[in-house]
Amino acid sequence: MQLAERMNLISESITLKVSAKAAALKKAGVDVVGFGAGEPDFDTPDFIKDVAKASLDKGLTKYTPTPCFPELKQAIADKFNRENKLAYKPENVTTGAGGKHCLYMAFMALLNPGDEVLIPSPYWVSYPEQVKLAGGVPVVIKGQESRGFKITPQQLEASITPKSKVFIINSPSNPSGIAYTPDELAGLAEVIVRHPQVVVFSDEIYEKLLYDDMTFASFATLNPALFDRTLTFNCHSKSFAMTGWRVGYVGGPKPAIDAMNKLQSQINSHITSFTQHAAAAALNDPRGQESVKKMLVHFQQRGQHMWQRLSALPDVICVRPQGAFYCFPNVSAYFGKSINGVKIEDAIGFSSALLESDHVAVVPGNDSGFETHVRLSFATSMEQIDKGIDRIALFLKKLA
Ligand SMILES: Cc1ncc(COP(=O)(O)O)c(C=O)c1O
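Residues numbered from 1 in each chain as written. Predicted model: local features only at pLDDT ≥ 70, side-chain atom pairs only at ≥ 80, totals over all residues. Heavy atoms only, no water.

Here we look at the sheet that holds strand 3 (residues 116–121)
Right, on to step 1. Ordered in space as 2-8-7-6-5-3-4, the seven strands form an open sheet in which the pairing is mixed. Looking at the sheet topology across the chains shown, the edges are occupied by strand 2 (93–96) and strand 4 (137–142). The mean angle between the axes of side-by-side strands here comes to 25°, regardless of whether they run parallel or antiparallel.
Right, on to step 2. The sheet contacts of helix 3 (residues 70–84) involve strand 2, strand 7 (230–235) and strand 8 (248–251), and relative to strand 2 the element is tilted by about 115°. (Pairing = 2+ DSSP bridges. Helix = DSSP H or I, 4+ residues; strand = E, 2+ residues; numbered from the N terminus. Axes fitted to C-alpha atoms, helices over the stretch in contact; angles between N-to-C directions. Contact = heavy atoms within 4.5 Å.)

Here it is in structure tokens:
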């Protein structure tokens, strides 16, 4: 069978290969410490599950309007107004099967062939792949480790060309765990304001997972000129521990939202019927925010602990995480060394050797534009964090 040429545009995820290997080892009875998961280890709060169960019992198992029931759109618009100071009306929001689907629909709705999309690195693995599928050209702006992986307004300005169409900003960030301050974001916003052809995709899915005294600001609020040029992405996956439910949402200018709804009407019609009222309840009910705050306390302690332990490993550099649930250490000092006759050349080699030799699963940074780093998720218990890092310490000693 001859596959479409577009399938050659995207690469198979290295992350998935490492996860598959870790899963195979686990299945074979090996005690693997998993730092790969990009999802909270907490359960979805009961009050949300109860609404979904009631929806099933009420028979909400049929088609719904595209993209969802009006109650969910209203709940999303209210959330944006209340929590983000974004004056979106229900007509300015849409839903999708997770944040990932929302982003893909937005690229499909906005990009023409050859349009450039500015992506600060390290980046979430799917951005460049989705851009390529939609006919765009990813343009990576490298975040320097010495500046906490944050790009500067000067770097952004220098990357903009007449073909630039979208600038993606993801703060707090996957995979680096860093977060921009509102002032730093305002500096980037000033640059974007000067280039009216550029639309901003602000991926705010980790907005609630912010540590220390960091404050969150939605990009579209930073400058009045940006409100009509920004799409704000969010989802229930991380804030409410609902990764498997596949609920994502976007706010933005009506023409873009209408275009995404048009796409959705021909592709998937709507998100799953019996999740919709539960998704609205997660946003409307104060228990939603209470559950996020509880998770946050754990993530803050675990993140600080994992960072301290990683930083104490010889020749490992780790920028302190300020948000999300990831540490992103630089392990390049060990490249060129060998274990069991295999030489480690980059983060993929490091991750495979670590998994095989000492049974710790981490995600190589190659898919995120950083082949010198690996990502460790601290969405796991303190015991697992200590056990895994003890094993990494042993592994590093074995490298010669
Ligand atoms: C930065 C970022 N954006 C979007 C997504 C997609 O979220 P979802 O699981 O809701 O599709 C993820 C998931 O890991 C992510 O880390």
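There is more to say, and it comes next.
Description of the pattern of salt bridges
Right, on to step 1. Evaluation of the coordinates by the stated rule reveals 20 salt bridges.
Right, on to step 2. Here Arg-320 makes a salt bridge to Asp-212, at a shortest N to O gap of 3.0 Å. Here Arg-320, found in the loop between helix 10 (286–311) and strand 9 (326–327), pairs with Asp-212, found in the loop between strand 6 (199–203) and strand 7; they are 108 residues apart in sequence, far enough to count as distant.
Right, on to step 3. The partner of Asp-258 in a salt bridge is Lys-254, with the nearest N and O atoms 2.8 Å apart. Linking Asp-258 with Lys-254, this pair stays in helix 8 (residues 254–267), spanning four residues, or about one helical turn.
Right, on to step 4. Judged by its relative accessible area of 34%, Lys-254 falls in the partly exposed class.
Right, on to step 5. Through salt bridges with shared partners, a single network forms among Lys-79, Arg-82, Glu-83, Glu-207 and Lys-208. (Salt bridge = Lys/Arg side-chain N within 4 Å of Asp/Glu carboxyl O. Buried < 20%, exposed > 50% of the residue type's maximum accessible area, 1.4 Å probe, protein only.)

Comments concerning the pairing of strand 7
Right, on to step 1. Counting buried positions along strand 7 yields six of six residues, so the element is predominantly enclosed.
Right, on to step 2. Along strand 7, one buried face is formed by Thr-230, Thr-232 and Asn-234 and the opposite face, lined by Leu-231, Phe-233 and Cys-235, is buried too.
Right, on to step 3. Alignment of strand 6 against strand 7, held across four bridges, turns out to be parallel. Residue pairing in the sheet places Ser-202 in a bridge with Thr-232 of strand 7.

A closer look at helix 12 (residues 382–398)
Right, on to step 1. Spanning 17 residues, helix 12 covers 25 Å between terminal C-alpha atoms, matching the ideal 24 Å at 1.5 Å per step.
Right, on to step 2. Along helix 12, the positions that sit buried rather than exposed are Ile-385, Gly-388, Ile-389, Arg-391, Ile-392, Phe-395 and Leu-396. Within helix 12, the buried residues cover an arc of 160° as seen down the axis, which keeps them to one side. Of the exposed residues in helix 12, the ones pointing more than 90 degrees away from its buried face are Glu-383 and Lys-397.
Right, on to step 3. On its buried face, helix 12 is in contact with strand 1 (33–34), helix 10, strand 10 (338–339), helix 11 (347–358), strand 12 (360–361) and strand 14 (374–377). (Expected span 1.5 Å × (residues − 1). Arc of directions from axis to C-beta.)

Description of the nonpolar core
Right, on to step 1. Membership of the largest hydrophobic core comes to 40 residues, with the highest contact counts inside it found for Phe-35, Met-306, Phe-350, Phe-395 and Leu-396.
Right, on to step 2. At the level of secondary structure, the elements contributing two or more residues to this core comprise helix 10, strand 9, helix 11, strand 14 and helix 12.
Right, on to step 3. Apart from the residues within four sequence positions on either side, Leu-396 is in contact with Leu-313, Val-316, Tyr-334 and Phe-350. (Core = buried A, V, L, I, M, F, W, Y, C linked by side-chain atoms within 4.5 Å.)

Observations concerning the site of the ligand
Right, on to step 1. Taken together, 14 residues lie near the ligand, and Asn-174, Asp-203, Ser-237, Lys-238 and Arg-246 sit nearest.
Right, on to step 2. One of the side-chain N or O atoms of Asn-174 is found 2.7 Å from an oxygen atom in the ligand.
Right, on to step 3. Between Asp-203 and the ligand, the recorded distance is 2.6 Å, taken from a side-chain N or O atom to a nitrogen atom.
Right, on to step 4. In the complex, the protein chains occlude 92% of the 390 Å² of accessible area that the ligand would expose alone. (Near = heavy atom within 4 Å. Polar contact = N/O pair within 3.5 Å; in protein donor to acceptor, adjacent residues only side chain to side chain. Areas by Shrake-Rupley, 256 points an atom, 1.4 Å probe, with all protein chains shown as cover.)

Points about the packing of helix 1 (residues 14–27) against helix 11
Right, on to step 1. Contact pair helix 1 / helix 11: the axes reach a minimum separation of 11 Å and the direction vectors enclose 5°. Compared by their axis directions, helix 1 and helix 11 come out roughly parallel. On helix 11, the residues touching Ile-14, Val-18, Lys-21, Ala-22 and Leu-25 of helix 1 are Ile-348, Ser-352, Leu-355 and Glu-356.
Right, on to step 2. Within the contact of helix 1 with helix 11, the residues separate by chemical class into six nonpolar, one polar and two charged. (Parallel < 35°, antiparallel > 145°, perpendicular 65-115°, else oblique. Nonpolar A, V, L, I, M, F, W, Y, C, P; charged D, E, K, R; others polar.)

Remarks on the packing of helix 11 against helix 12
Right, on to step 1. The geometry of helix 11 relative to helix 12 is characterised by a closest axis approach of 10 Å and an angle of 105° between their N-to-C directions. With respect to each other, helix 11 and helix 12 are oriented roughly perpendicular. Of the residues in helix 12, those touching helix 11 at Phe-350, Ala-353, Leu-354, Ser-357 and Asp-358 are Arg-391, Ile-392, Leu-394, Phe-395, Leu-396 and Lys-398.
Right, on to step 2. A per-class count over the contact of helix 11 with helix 12 returns seven nonpolar, one polar and three charged.

Observations regarding unusual backbone geometry
Right, on to step 1. Here Ser-171 and Pro-172 are connected by a cis peptide whose omega angle stands at -10°.
Right, on to step 2. The residue Pro-172 is located in the loop between strand 5 (164–170) and helix 7 (182–193) in this model.
Right, on to step 3. Cis peptide bonds are those with omega within 30 degrees of zero, and the linkage from Asn-174 to Pro-175 qualifies with 20°.
Right, on to step 4. Here the phi dihedral of Ala-241 falls at roughly 50°; this positive angle occurs in a residue that is not glycine.

Side note on helix 11
Right, on to step 1. Counted at 1.5 Å a residue, the expected span for helix 11 with its twelve residues is 16 Å, and the 16 Å between its end C-alpha atoms agrees.
Right, on to step 2. Taken together, the buried positions of helix 11 are occupied by Ala-347, Phe-350, Ser-351, Ala-353, Leu-354, Leu-355 and Asp-358.
Right, on to step 3. Backbone nitrogen of Ile-348 and a side-chain oxygen of the N-cap are separated by 3.1 Å at the start of helix 11; the cap is Asp-346.
Right, on to step 4. In the stretch just after helix 11, His-359 is the one whose phi turns positive, near 60°.

Quick word on a nonpolar patch on the surface
Right, on to step 1. A surface patch of nonpolar side chains, about 430 Å² in accessible area, is lined by Met-1, Leu-3 and Met-7.
Right, on to step 2. Checked against the element boundaries, Met-1 lands in the segment before helix 1. (Patch = residues over 30% accessible without salt bridge, like charges linked within 9 Å, V, L, I, M, F, W, Y side chains within 5 Å.)

So, the pairing of strand 14
Right, on to step 1. The two faces of strand 14 match: Val-374 and Leu-376 on one face and Arg-375 and Ser-377 on the other face are all buried.
Right, on to step 2. Pairing of strand 9 with strand 14, which is carried by two bridges, proceeds in the antiparallel orientation. Residue Tyr-326 lies in a different strand from strand 14, and its bridge partner there is Ser-377.

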